[in-house]
Amino acid sequence: MFAVATIALLVTMVLTLARALAGPTLFDRLLAVNSFGTKTVLLIAVFGFLTGRPDFLDIALVYALINFLGTVAVLKFFELDDPGSVVYREDDY
Amino acid sequence: MLEWLVWLLSWALVLVGSLFIVAGGVGMVRLPDLYTRLHAASVTDTGGAIVLSFALLLQAVFVFGNTIAAIKVSLILFFTLFTAPTASHALAKSALLSGQVPLGAGGEPLLESPEEAVRLATTPVGADDDEDAPHPSTAPAIDGGAGADSTGGARRSGSEDPSPDASV
């Protein structure tokens, strides 16, 4: 049962990686990386149940939080001139 | 009887979750636009994660007898449900701010220019509605609905305001 979910997750991760490599814009790649991270969380959780030792769930839990923080940090870096400022760079467009 | 029921339900949940996940992955490759790919990724992040996590919960409680694992799975589900929509929203807004124009069904751009996308992302929703309310292309649609067009209805259609503009 968990083998089916693992195979589905691995296939989807390959497809997502293809989008991350091919994505024409920065945001496509960022979306693919974020989606890949979510699937990694699910894969770690499912793989723990597949091997009969659900002890990897802590790693999945931490990875779920770090994945979100990483995405938002990179987005803020590209959205704002200075990641610490709150002023949109409207003059650049 | 109980283990048979748990077995059947777990299989069903795992199969449905795998279907959601693979569908999202295929959509990530095949859909034509950043904003539509965002939709495909959200299918995987919410639908797949919820259904698969419920399968894991069932297995952890009834097969493994591991309550701690069940609690951790529900925590993972909880955090995923909070972070995935937030990340999608931040990504869409950041893309609009950088001038990414959404494409329509026929591949035509829905906004006139990248500046229009930036304006859409920077103006607050309420101010945008007040400006567009007397627009000739949107006025008949508002009148066609029930006469009491509340701000909630106008706010809901705020994200689709540019499409009538592009068709004119």
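Since this is a predicted model, take the numbers as computed values, not measurements. (Residues numbered from 1 in each chain as written. Chains lettered and ligands numbered in written order. Predicted model: local features only at pLDDT ≥ 70, side-chain atom pairs only at ≥ 80, totals over all residues.)

Draft legend 1. Region of interest: the overall build of chain A. Scanning chain A from N- to C-terminus turns up 3 helices and 0 strands. Taken from the N to the C terminus, the helices and strands of chain A come in the order α-α-α. Looking at the 93 residues of chain A, the share that counts as buried comes to 38%. Summarising the internal contacts of chain A: among those between residues at least 6 apart in sequence, 42% fall at separations of at least 24. (Helix = DSSP H or I, 4+ residues; strand = E, 2+ residues; numbered from the N terminus. Buried ≥ 20, exposed ≤ 12 C-beta atoms within 10 Å, placed from the backbone. Contact = placed C-beta atoms within 7 Å.)

Draft legend 2. Seen up close, helix α2 (residues 26-50) of chain A. All names here are of chain A. With 25 residues, α2 should cover 36 Å at 1.5 Å per step; its first-to-last C-alpha distance of 35 Å lies within 8% of that length. Extensive coverage of α2 is indicated by the burial of 19 of its 25 residues. At the C-terminal side of α2, G52 shows a positive phi close to 80°. (Expected span 1.5 Å × (residues − 1).)

Draft legend 3. Expanded view of the interface of chain B and chain A. Listed per partner, the contact involves 47 residues of chain B and 42 residues of chain A. Those elements that place two or more of their residues in the side of chain B that touches chain A are α1 (2-30), α2 (34-64), α3 (67-97) and α4 (114-122) of chain B. Here the element with the most residues in the side of chain B that touches chain A is α3 of chain B; it accounts for 15 residues. Taken together, the residues of the side of chain B that touches chain A break down into 29 nonpolar, 14 polar and 4 charged. (Nonpolar A, V, L, I, M, F, W, Y, C, P; charged D, E, K, R; others polar.)

Read these as geometric descriptors, not functional statements.
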